[in-house]
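Examination of the molecular architecture
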Amino acid sequence: GAQTSNRAVTVFLYLEDTELGGETQFPNADGKSPTTDYKSCNRGLRVHPKKRSIALFYDMKPDGTLDPMSLHGGCPVKKGVKWGGTLWLRVPHGGH
């Protein structure tokens, strides 16, 4: 349904090591033009799951607009399992 707030900050907690794959990918975080290739997991920044670590990132810019660099997704797990949890800090639409 309709959302009344936006994610301002995301914290992804890695609860288990993953043997191969399972990275959190930020495909637009490589300084190149934005991509629509979200499946290959070969663009941008990739964070490998490591038990007791986190990936923290801002979903919004300081002016309250959404940050396209925060676009993210999970790469396929090739060996092992991926266990994680997400915490979101939210603000009303418009960032106020």
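For the structure, check the block above.
Read on for an overview of the structure. Computed from a predicted model, the values in this text were never measured in an experiment.

On to the sheet that holds strand β6 (residues 73-74), then. Ordered by their spatial adjacency, 3 strands build an open sheet running β4-β3-β6, and the pairing between neighbours is antiparallel. Either end of the sheet is taken by a strand with one partner, and the two such strands are β4 (45-47) and β6. As judged from the 2 bridges shared by strand β3 (residues 24-26) and β6, these two strands associate in the antiparallel manner. Paired with T24 across the bridge in β6 is G74.

Time to look at the environment of T36. Here T36 is to be found in the loop between β3 and β4. A relative accessible area of 69% means that T36 is categorised as exposed.

With that settled, consider the sheet that holds strand β1 (residues 5-14). Taken in spatial order, the 3 strands line up as β5-β1-β8 in an open sheet, and their pairing is antiparallel. The open sheet is flanked by β5 (53-58) and β8 (84-92), the only strands paired with a single partner. Strand-to-strand twist across the sheet, computed as the mean angle between neighbouring axes with direction ignored, equals 20 degrees. Here 6 bridges tie β1 to β5, and the two strands are oriented antiparallel to one another. In the sheet register, Y14 faces β5, and the bridge partner there is S53.

Turning to the pattern of salt bridges, a few remarks are in order. Within the structure shown, the criterion is met by 1 salt bridge. With a closest N to O distance of 3.6 Å, E19 and K79 form a salt bridge. Highlighted residues: E19 in the loop between β1 and β2 (20-21) and K79 in strand β7 (residues 77-79), separated in sequence by 60 residues. You can call K79 partly exposed: its relative accessible area is 47%.

Here we come to the state of the cysteines. Counted by the stated rule, this structure contains 1 disulfide. Between C41 and C75 runs a disulfide, and the two sulfur atoms are separated by 2.1 Å. The chirality of the disulfide connecting C41 with C75 is left-handed, given an S-S dihedral of about -115 degrees. Of the two residues, C41 is situated in the loop between β3 and β4 and C75 in the loop between β6 and β7; the sequence distance between them amounts to 34 residues. The two residues C41 and C75 agree in class, both being buried.

What counts, and at which threshold
Residues numbered from 1 in each chain as written. Predicted model: local features only at pLDDT ≥ 70, side-chain atom pairs only at ≥ 80, totals over all residues. Heavy atoms only, no water. Pairing = 2+ DSSP bridges. Helix = DSSP H or I, 4+ residues; strand = E, 2+ residues; numbered from the N terminus. Buried < 20%, exposed > 50% of the residue type's maximum accessible area, 1.4 Å probe, protein only. Axes fitted to C-alpha atoms, helices over the stretch in contact; angles between N-to-C directions. Salt bridge = Lys/Arg side-chain N within 4 Å of Asp/Glu carboxyl O. Disulfide = S-S within 2.5 Å.

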